Structure formats: C-alpha cells, structure tokens
Amino acid sequence: MILRKSKFLVCLFLSIIYASANADLPREKVCELFSQANQYFRQANSARDPEQADKLYENAILSFDRIIDEGGIHNAKLYYNLANAYLLRGRLGKAILNYRRAANLGNDDDIRKNLTFARSQRKDQVTIKTEKRVLQTLFFWHYDFGPKTKVLLVCI
C-alpha cells in the first residue's frame, strides 16, 4: 500500500516537473501575448478592409497558438478564442476542432452555440445530378427499401 502511494507521488511529481518544463514562456510573456492576441482580434473586428482584418485574425491565431504550444496553457476560454479567430478567418475545420477542444475542457453555452453554428456552415453536402434524381424517384423501391423488404414485396 505504501509502495503504491509512493509510486503515485513520484508520478505526480514528475508530471508537475514535466508540465513546468514544457512551459517555455514565462508567465509575464504569456500575459503579454494574450493581451496582444485580444488586441489583434478586436482590431480585426473593427477593420473595414477585409485583407487587413484577415492579417489581424492571423496574428491573433499565431499568438493564441504560441500561448498553447510554448506557454503550455490549455483551457476552454483560450481554445474558444482561438476557434472564434479561425471561424472569422474562414477556416471552418480548425474552428470546429478548437470549439470541440474548448467543449471538452469546459461547459459553456457560448461554446456549444458557436460549435453548432460552425457545423451548420460546412459545405460537405454533395448535389445529386438531375438524371440520378429522376431515376431515384422512378425506382424509389430500389433505392429506399432494404433487401428484406424487397424480397417480401416480391413474395407478396
């Protein structure tokens, strides 16, 4: 029993050391990067030129990514901010990914609403050609019914 507790304490100690060793940025630099990223984001929201707004969103994304990668900080609000920047930049896939990361770390209505909105913006629906749609309408029984139903209809 004591051996298990000591192993647990050693693992806990090593994980704390590893986490602090992964944080390459000092706390002051992380705070500076965060305020800088938020400033880029606000400027992009108020920018009238779309190209300038894209550059500012990209700068905000780079700052948020640096906080996550080099600062070793992972929380719901940070991923939420990063996802918002990706969404407004037009990168739906990365926005959805970061909204999901934020949802895994925190329970917030705004995260769920934005995730639902981002998912609704996807364009992964494939349009069906007119000829195929006509065939599907005429031979609905072939396309809509399963094999068991088809056999049952033939037997009847």
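Residues numbered from 1 in each chain as written. Predicted model: local features only at pLDDT ≥ 70, side-chain atom pairs only at ≥ 80, totals over all residues. Heavy atoms only, no water.

A. Spatial organisation of the overall build of the protein. Helices and strands together make up the secondary structure of the protein, namely nine helices and zero strands. From first element to last, N terminus to C terminus, the protein shows the α and β order α-α-α-α-α-α-α-α-α. Here the analysis covers contacts within the protein between residues at least 6 apart in sequence; of these, 48% occur between residues at least 24 apart. Roughly 11,900 Å² of accessible area belongs to the protein as shown, and the carbon and sulfur atoms make up 58% of that amount. (Helix = DSSP H or I, 4+ residues; strand = E, 2+ residues; numbered from the N terminus. Contact = heavy atoms within 4.5 Å. Areas by Shrake-Rupley, 256 points an atom, 1.4 Å probe, with all protein chains shown as cover.)

B. Spotlight on the packing of aromatic side chains. The full count for this structure, using the stated rule, is three aromatic pairs. For the pair Tyr 80 and Tyr 99, a centre-to-centre distance of 6.1 Å together with 55° between the ring planes defines the contact as tilted. Of this pair, Tyr 80 sits in helix H4 (residues 76-89) while Tyr 99 sits in helix H5 (residues 92-105), and the two are 19 residues apart along the sequence. The class of Tyr 99 is buried, set by a relative accessible area of 0%. (Phe/Tyr/Trp six-rings, centres within 6.5 Å; stacked < 30°, edge-to-face > 60°. Buried < 20%, exposed > 50% of the residue type's maximum accessible area, 1.4 Å probe, protein only.)

C. Representation of the packing of helix H2 (residues 27-46) against helix H3 (residues 50-71) within the structure. Put simply, H2 and H3 touch, their axes get as near as 8 Å, and they point 160° apart. On the basis of the axis angle, H2 is roughly antiparallel to H3. Crossing handedness for the pair H2 and H3: left-handed. Between H2 and H3, the residues in contact are Lys 29, Val 30, Leu 33, Phe 34, Gln 36, Ala 37, Asn 38, Tyr 40, Phe 41, Gln 43, Ala 44 and Asn 45 and Ala 53, Leu 56, Tyr 57, Asn 59, Ala 60, Ser 63, Phe 64, Arg 66, Ile 67 and Gly 71, respectively. (Axes fitted to C-alpha atoms, helices over the stretch in contact; angles between N-to-C directions. Parallel < 35°, antiparallel > 145°, perpendicular 65-115°, else oblique. Left-handed = near helix turned anticlockwise from the far one by under 90°.)

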